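Coordinate analysis (summary)
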Amino acid sequence: MATSLNLSSIFSSSRLVTTPSSVFPTRQRRRIILVTSSSSGGKPTILVTEKLGQAGIDLLKKYANVDCSYDLSLEELCTKISLCDALIVRSGTKVGRDVFESSRGRLKVVGRAGVGIDNVDLAAATEYGCLVVNAPTANTVAAAEHGIALLTAMARNIAQADASIKAGKWTRNKYVGVSLVGKTLAVLGFGKVGSEVARRARGLGMHVITHDPYAPADRARAIGVELVSFEVAISTADFISLHLPLTAATSKMMNDVTFAMMKKGVRIVNVARGGVIDEEALLRALDSGIVAQAALDVFTVEPPVKDNKLVLHESVTATPHLGASTMEAQEGVAIEVAEAVIGALRGELAATAVNAPMVPLEVLRELKPYVVLAEKLGRLAVQLVTGGSGVNAVKVTYASSRAPDDLDTRLLRAMVIKGLIEPISSVFINLVNSDYIAKQRGVKISEERMVLDGSPENPIEYITVRIANVESRFASALSESGEIKVEGRVKQGVPSLTKVGLFGVDVSLEGSVILCRQVDQPGMIGKVASILGDENVNVSFMSVGRIAPGKQAVMAIGVDEQPSKETLKKIGDIPAIEEFVFLKL
Ligand SMILES: NC(=O)c1ccc[n+]([C@@H]2O[C@H](COP(=O)([O-])OP(=O)(O)OC[C@H]3O[C@@H](n4cnc5c(N)ncnc54)[C@H](O)[C@@H]3O)[C@@H](O)[C@H]2O)c1
Ligand SMILES: O=C(O)[C@H](O)COP(=O)(O)O
């Protein structure tokens, strides 16, 4: 089971909600649908829409009700999905926006039992707070082996010769092949599969070059592969093997223009994604002889139409997307995806998350109290806003003795956003959708690192949250530059509020907080405590921060229960109290 830490608030889920807040800019107010909080009680339900290795199914069944329903129409999928907490697919199920919409907020995780997630609408998943996980490694070798199988089969006309002999013919001259040894193979995309193909092709005696702008040169060097430009790769290769993801940049990368740049008689293998090749252009290139042969495992539309001209072309060797289809790979991806989906349903952070930051377990453990602090500071800060131009400029400062690259603040940032937006909108935020929701509402979060001297034993000394361009219902919360400012620390594992505006305070962030500004004078703590005591409100903490003796002071009072309006009024009526505010944590 993949190791991860339960931080359910980070993945806390939600429901159909509206966002009526008055403190966010009006144009940002709109209806948002996010994921629901739980299944219908008891075990979660996981829908599996394509054949998954038995080991994975067995794992899932220990934890959930598993519904294996294959070959669903879109309509059937949309109907079923509203009853499911998770969905597991391979490449054959299109998980578009309509699926997320139809889930009515219940779908919390989509697991892709394989690498490519181009059949999942990631933007929609993120928008709906649905985590997407994949199984990125278990089928790498299978895909690489299939690439090599196609390369060699194509070069020696294996498929065509097999069909011929089965048809009762004994045709030897027609199926004379070409040798691989000494030939140049261009591997486009030097990631997991591409590098394994390159390694194997080197073993076949091929000269291997690769194009991948993001691949580390030392990895290529270690395999004895030369990293070259795209133009050099495609114009010098005898064979080209595609191992790219399908993205806007790679879509139809093989087209009339690029085919024209290739050596006449080039041979092409595609076990990546059909959409990387302009299939009409490939047909033209095959017919004109620029491309001598192609071996295709993947197609723009799968399955291809019955009379697909490429599939029927005699210079094409075709397989029905079998790259990952070995017994071993399918058991591997099934286990990999099942573990990730179960973990995500338990509120754990998955190591194979596609649309959320992957945060290592050690980092999560260390940051846990700071995660709580970050959320509470966000919560406090936003409740101090009373008007102005809306919450649109938030600055978070992390003061730490650690080197800037030794502190991963993505979780903290997500939790500040959660704290800022949830109290005033009913939108539930999690790690998946925090940045999206902030952006959608026009809330610009800037982060700043303050490097302190001293021992880097604690990951963070303090966190400050500032909101600019707003008015506050508690004027003392404003900094010199007029921003709402709250600051906190983790003290002996407990998140604490240590500064409000210019005033130092010290109150643990548990329960709720009353902040009062008063003229500093003896007996104030007693007066407030006795009002709260009379009303049976338990005071957990009190602290006073003052500018100078006898001048103004801010008293922070931690309370376990929410005081009644009358109680709060009685506090406000104490003559020395100039302003006060009750803040829910
Ligand atoms: N046929 C199958 O059954 C099968 C099985 C596994 C993987 N795949 C597909 O194979 C492809 C590669 O999978 P992987 O696991 O190696 O992925 P990967 O992410 O490990 O590798 C992809 C590589 O492509 C590179 N790349 C991205 N854009 C590029 C560009 N414009 N030009 C050059 N290089 C670029 C990336 O830097 C990366 O190194 C994916 O499309 C995946 O879906 C297919
Ligand atoms: O992206 C992948 O992992 C491969 O294309 C395999 O897809 P499949 O799971 O549908 O075989």
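Anything mentioned here points back to the structure above.
For clarity, every value in this text was computed on a predicted model and none was experimentally measured.

1. Focus: the site of ligand 2
The immediate surroundings of ligand 2 are formed by Arg90, Ser91, Arg112, Ala113, Gly114, Val115, Gly116, Asn139, Arg273, His321 and Ala324. Here an oxygen atom of ligand 2 sits 2.4 Å away from a polar atom, N or O, in the side chain of serine 91. Within the side chain of asparagine 139, an N or O atom sits 2.9 Å from an oxygen atom of ligand 2. Burial of ligand 2 by the surrounding chains reaches 91%, relative to a free accessible area of 310 Å².

2. Remarks on the packing of aromatic side chains
Under the counting rule described, the total for this entry stands at one aromatic pair. Considering the side-chain rings of phenylalanine 100 and tyrosine 128, the 6.4 Å spacing of their centres and the 20 degrees angle between planes classify their relative orientation as stacked. Taken as a pair, phenylalanine 100 in helix H3 (residues 97-102) and tyrosine 128 in the loop between helix H4 (122-127) and strand E7 (131-134) lie far apart in primary sequence, 28 residues in all. Each member of the pair, phenylalanine 100 together with tyrosine 128, is buried.

3. As for the site of ligand 1
Neighbouring ligand 1 are 26 residues; Lys192, Val193, Asp212, Leu244 and Val271 lie closest to it. Note that an oxygen atom of ligand 1 is positioned 3.3 Å from one of the side-chain N or O atoms of arginine 273. Here histidine 321 contributes a side-chain N or O atom positioned 3.4 Å from an oxygen atom of ligand 1. Protein contact buries 87% of the 860 Å² of open area that ligand 1 shows by itself. By residue class, the composition of the shell around ligand 1 is 13 nonpolar, nine polar and four charged.

4. Overview of the pattern of salt bridges
Applying the stated criterion to the full structure yields 26 salt bridges. Two residues, aspartate 256 and arginine 284, come together in a salt bridge whose shortest N-O distance is 2.8 Å. Pair noted here: aspartate 256 is in helix H10 (residues 256-260) and arginine 284 is in helix H11 (residues 279-288), with a separation of 28 residues, a long-range link. The network of salt bridges with common partners includes Glu375, Arg379, Lys418 and Glu422.

5. Comments concerning the pairing of strand E23 (residues 512-519)
For E23, a buried count of seven out of eight residues is recorded, marking the element as mostly surrounded by other parts of the structure. Inspection of the sheet shows E23 paired to strand E25 (residues 552-559) by eight bridges, in the antiparallel sense. By the bridge assignment, valine 513 is partnered in E25 with glycine 558. With seven bridges joining them, E23 and strand E26 (residues 577-584) adopt antiparallel strand pairing. Along E26, the bridge assignment pairs leucine 515 with valine 581.

6. Considerations on the nonpolar core
In this structure, Leu384, Val394, Ile463, Ile467, Leu497 and Leu515 are the most contacted members of the largest nonpolar core, which totals 53 residues. Look past the residues within four positions of leucine 384 in its chain and what remains in contact with it is Glu471, Ser472, Arg473, Phe474, Ala477, Ile484, Val486, Leu515, Val581 and Leu583. Membership of the second largest hydrophobic core comes to 30 residues, among which are Leu188, Leu242, Ile277 and Leu283.

Rules used in this analysis
Starting afresh in each chain, residues are numbered from 1 along the sequence in its written order. Naming scheme: in the order in which they are written, chains are lettered from A and ligands are numbered from 1. The predicted origin of the model limits local features to residues at a pLDDT of at least 70 and limits the giving and counting of side-chain atom pairs to 80 or more, whereas totals for whole chains, interfaces and linings rest on all residues. In computing side-chain values, all of the structure's heavy atoms are included and hydrogens and water are not. What makes a residue near a molecule or strand is one non-hydrogen atom of that residue sitting within 4 Å of it. N or O atoms closer than or at 3.5 Å make up a polar contact, with two conditions inside protein: a donor-capable atom paired with an acceptor-capable one, and, for residues adjacent in sequence, both atoms drawn from side chains. Values of accessible area rely on a 1.4 Å probe in the Shrake-Rupley scheme; residue burial ignores everything except the protein chains shown. Any pair of Phe, Tyr and Trp rings, taking the six-membered ring for Trp, is counted once the centres come within 6.5 Å. Such a pair is stacked with planes under 30 degrees apart, edge-to-face with planes over 60 apart, and tilted for the rest. The helix count covers DSSP runs of H or I at least four residues long, the strand count covers runs of E at least two residues long, and both are numbered beginning at the N terminus. Buried, partly exposed and exposed residues are distinguished by accessible area as a fraction of the type maximum, computed with a 1.4 Å probe on protein chains only: under 20%, between the cut-offs, and over 50%, respectively. By the convention adopted, Pro, Cys, Tyr, Trp, Phe, Met, Ile, Leu, Val and Ala count as nonpolar, Lys, Arg, Asp and Glu as charged, and the other residues, Gly among them, as polar. The working definition used for a salt bridge is a side-chain nitrogen of Lys or Arg within 4 Å of a carboxyl oxygen of Asp or Glu. Being paired, for any two strands, means DSSP has found at least two bridges between them. Definition of nonpolar core: a set of buried residues of the types Ala, Val, Leu, Ile, Met, Phe, Trp, Tyr and Cys, connected through side-chain atoms within 4.5 Å. Residue contacts follow a heavy-atom distance rule, with two residues in contact if any of their heavy atoms lie within 4.5 Å.

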